[in-house]
Amino acid sequence: MKAVHFGAGNIGRGFVGLLLHEGGYEVVFSDVADALVDAINAASEYTVREAGPGGVNRVVTGFRAVNSRLAPDGLAEEIATADVVTTAVGPTVLRFVAPAIVEGLRRRSPDAAPLQVMACENAIGATDQLRDEVVTAAGADADALTAGAVFANTAVDRIVPAQPAGAGVDVTVEPYFEWAIESGPFDGALPSIPGAHFVDDLAPYIERKLFTVNTGHAATAYFGARAGIERISDALADPKIAAQVSAALEETSAVLVEEHGLDPAELAEYRAKILDRFRNPELVDTVQRVGRQPLRKISRNERFIGPAAMAAERGLSSSALTAAVAAALEFDDPADEQSVELQERLRNEDAESFTASATGLDPEHPLFAAIRDAVIARQEAIMV
Ligand SMILES: NC(=O)c1ccc[n+]([C@@H]2O[C@H](COP(=O)([O-])OP(=O)(O)OC[C@H]3O[C@@H](n4cnc5c(N)ncnc54)[C@H](O)[C@@H]3O)[C@@H](O)[C@H]2O)c1
Ligand SMILES: O=P(O)(O)OC[C@@H](O)[C@@H](O)[C@H](O)[C@H](O)CO
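Remember, predicted model here, so these are calculated numbers, not experimental data.

Thresholds applied
- Residues numbered from 1 in each chain as written.
- Chains lettered and ligands numbered in written order.
- Predicted model: local features only at pLDDT ≥ 70, side-chain atom pairs only at ≥ 80, totals over all residues.
- Heavy atoms only, no water.
- Near = heavy atom within 4 Å.
- Polar contact = N/O pair within 3.5 Å; in protein donor to acceptor, adjacent residues only side chain to side chain.
- Helix = DSSP H or I, 4+ residues; strand = E, 2+ residues; numbered from the N terminus.
- Nonpolar A, V, L, I, M, F, W, Y, C, P; charged D, E, K, R; others polar.
- Domains from an automatic or database assignment.
- Buried area = accessible area lost by both parts, 1.4 Å probe.
- Salt bridge = Lys/Arg side-chain N within 4 Å of Asp/Glu carboxyl O.
- Pairing = 2+ DSSP bridges.
- Axes fitted to C-alpha atoms, helices over the stretch in contact; angles between N-to-C directions.
- Expected span 1.5 Å × (residues − 1).
- Buried < 20%, exposed > 50% of the residue type's maximum accessible area, 1.4 Å probe, protein only.
- Areas by Shrake-Rupley, 256 points an atom, 1.4 Å probe, with all protein chains shown as cover.
- Contact = heavy atoms within 4.5 Å.
- Parallel < 35°, antiparallel > 145°, perpendicular 65-115°, else oblique.
- Left-handed = near helix turned anticlockwise from the far one by under 90°.

> Sorry, what's going on with the site of ligand 2 here?
Inspection of the region around ligand 2 gives 14 residues, with Asp157, Lys209, His217, Arg289 and Arg296 positioned closest. Within the side chain of aspartate 157, an N or O atom sits 2.6 Å from an oxygen atom of ligand 2. Interatomic distance of 2.8 Å between a side-chain N/O atom of histidine 217 and an oxygen atom of ligand 2. Among the elements of the structure, strand E9 (154-157), helix H7 (203-226), helix H11 (287-291) and helix H12 (294-297) are those that each provide at least two residues to the shell around ligand 2. Of all the elements, H7 adds the most residues to the shell around ligand 2, at three residues. Taken together, the residues of the shell around ligand 2 break down into three nonpolar, three polar and eight charged. The two domains that each donate at least three residues to the shell around ligand 2 are domain 1 (2-200) and domain 2 (204-383).

> I tried to follow the domain arrangement of the chain on my own but got confused; where do I start?
What the domain assignment reports for the chain is domain 1 (2-200) and domain 2 (204-383). Using only C-alpha atoms to locate each centre, domain 1 and domain 2 end up separated by 28 Å. In total, domain 1 and domain 2 occlude about 1900 Å² of area from one another, counting both sides; carbon and sulfur atoms represent 61% of this. Considering only the surface of domain 1 that becomes buried against domain 2, Asn122, Ile124 and Ile159 emerge as the three largest contributors, covering 30% of it. Counting across the interface, domain 1 meets domain 2 through three salt bridges. Note that arginine 208 is salt-bridged to glutamate 178, the shortest N-O span being 3.4 Å. Among the secondary structure elements, those contributing two or more residues to the side of domain 1 that touches domain 2 are E9, strand E10 (171-173), strand E11 (178-182) and strand E12 (196-199).

> Would you take a moment to explain the sheet that holds strand E3 (residues 45-50) for this structure?
By definition, the strands of a sheet pair up through backbone hydrogen bonds, in either a parallel or an antiparallel sense. A sheet is described by the order of its strands in space; here three strands give the open sequence E4-E3-E10, paired in mixed fashion. Pairing within the sheet leaves two strands with one partner each, and these edge strands are strand E4 (57-61) and E10. Looking at each pair of strands side by side, their axes are set apart by 25 degrees on average, direction ignored. The sheet contact formed by E3 and E10 spans three bridges and is parallel. If you follow valine 48 over to E10, its bridge partner there is valine 171.

> Looking at this structure, how should I read H7?
Given 3.6 residues to a turn, an α-helix orients residues that are three or four positions apart in the same direction. If you check H7, its first and last C-alpha atoms are 32 Å apart, about what 24 residues at 1.5 Å a residue would give, namely 34 Å. The buried count for H7 comes to 19 of 24 residues, which makes it a mostly enclosed element. After H7 finishes, the residue glycine 228 shows a positive phi value of roughly 75 degrees.

> Is there a simple way to explain the site of ligand 1 in this structure?
For ligand 1, the set of nearby residues contains 25 residues, the closest of which are Asn10, Ile11, Asp31, Glu121 and Val160. Between ligand 1 and asparagine 10 there is a distance of 3.0 Å, counted from an oxygen atom to a backbone nitrogen or oxygen. Arginine 289 has a polar side-chain atom sitting 3.3 Å from a nitrogen atom of ligand 1. Protein coverage of the free-state accessible area of ligand 1, which is 830 Å², stands at 83%. Where the shell around ligand 1 is concerned, the elements lending two or more residues are helix H1 (10-22) and strand E2 (26-31). When the residues that make up the shell around ligand 1 are grouped by side-chain class, the tally is 13 nonpolar, seven polar and five charged.

> Teacher, can you tell me more about the sheet that holds E2 here?
Taken in spatial order, the six strands make up an open sheet running E5-E2-E1-E6-E7-E8, and their pairing is parallel. Where the open sheet ends on each side, the last strands, each with one partner, are strand E5 (63-67) and strand E8 (149-151). This sheet shows a mean twist of 20 degrees between the axes of neighbouring strands, independent of strand direction. Sheet analysis places strand E1 (residues 2-6) next to strand E6 (residues 84-87), joined by four bridges and oriented parallel. Across the sheet, residue histidine 5 finds its bridge partner in E6, namely threonine 86. The strands that helix H2 (residues 34-42) touches are E2 and E5; relative to E5, the one it contacts most, it runs at about 155 degrees. Here helix H5 (residues 126-138) sits on the sheet and contacts E6, strand E7 (115-119) and E8; the angle it forms with E7, its principal contact strand, is near 120 degrees.

> Can you walk me through the side chain of glutamate 302 in this structure?
On the secondary structure map, glutamate 302 appears in the loop between H12 and helix H13 (305-313). Reaching out from glutamate 302, the side chain makes a polar contact with the side chain of arginine 303 at a distance of 2.6 Å. In this view, glutamate 302 contacts Asn122, Leu210, Phe211, Arg296, Lys297 and Pro307; residues no more than four positions away in its chain are not counted.

> Hey, could you run me through the packing of helix H3 (residues 72-80) against helix H4 (residues 94-106) in this one?
Two numbers describe a pair of packed helices, the interaxial angle and the distance between the axes. One can describe the packing of H3 onto H4 by two numbers: an axis separation of 7 Å at closest approach and a directional angle of 60 degrees. By the angle class used here, H3 and H4 are oblique. Our pair here, H3 against H4, has a crossing hand that is right-handed. Together, Leu75, Ala76, Ile79 and Ala80 of H3 and Ala100, Ile101, Glu103 and Gly104 of H4 make up the contact between the two elements. Looking at side-chain class alone, the contact of H3 with H4 contains six nonpolar, one polar and one charged residues.

Quick look at the structure:
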């Protein structure tokens, strides 16, 4: 069995590649970073080190890498003969990997089993988004080519920080992981991924994950950055930040209870476990990594505006989430393109149109005025 995985970065090597290997797949990583591809090809094994209570070292073997920029033909051949394709490249990059999948499907034997495609990104419906990109890239051949593949949405959860210089291709991760995959598209022929669980309806899983783990994580990062703190664990050690993050998560939990009928007591346990994961002293994670791409994070269906809009529509509190968005508006990291763009746009756009375009909220939406007021406050602070 063979899996082609796009994105040999932190989660690609530290989670998706590891579980595919443990499921018995030969793993072909595809990446555009030349040095990373070369380093993977120079290694015969790499170690995933689980840092924290109960963590063990796991060794991955039976992999290689293809440079998708320099060797598109080789990559198409790998996809043509693969059983599974996964991605962990970031939601904004999916459109760049779609043409390679199309080319692989074009070369696939008509007798081959359907290619099983799963995007492992932090986004609702990431695989649907990838499928749309594949359809666009396939043009007139879309129906014929997509008939040779199945597309399943997933929710992946494991904190994999940026790796220290000199670590090579080894990866340090937290011990915890969860991988939920919608089962319907596979029609019974499930991929072999030990530890993953297959579910009929992914919506409660991805929303619970994105609106708890990622909302809490990003809130910690933005409040931490505002306080001049570098590490996520240090940010959460600040009682004021911990209270602000908890308040935001109480709001998202209230939405999840209403939206999916999740049990409030189980959600309270889930929240506590997640905050413990953020506090893991053995995992060095930074507010820069977790706060990366703030414009993506304040967009309509993402970790703040998504649940806050649902809360406002139901007459539930969204003030703590709005406070987290206010902190996100202050995220100023010269190394992050979206952070630079965010600060630039806040300087040059009026509050009303920035709020509408950045958050995708209609001015009539019950959340709109609160977010616009946060934008105005940030703009006034910038101008002082
Ligand atoms: N790190 C985590 O804790 C974590 C956990 C769950 C989900 N995720 C999600 O996984 C995705 C990747 O996150 P990450 O932390 O591993 O980021 P990362 O930056 O470490 O890895 C992304 C990799 O994708 C590669 N890439 C970029 N463009 C590409 C292309 N066109 N083709 C092939 N490869 C390409 C990059 O070179 C990089 O190696 C994101 O969507 C993220 O939200 C991350
Ligand atoms: O990857 P992002 O930028 O969507 O979010 C940053 C972190 O919150 C994220 O990578 C978490 O570490 C991960 O989602 C945990 O499962």
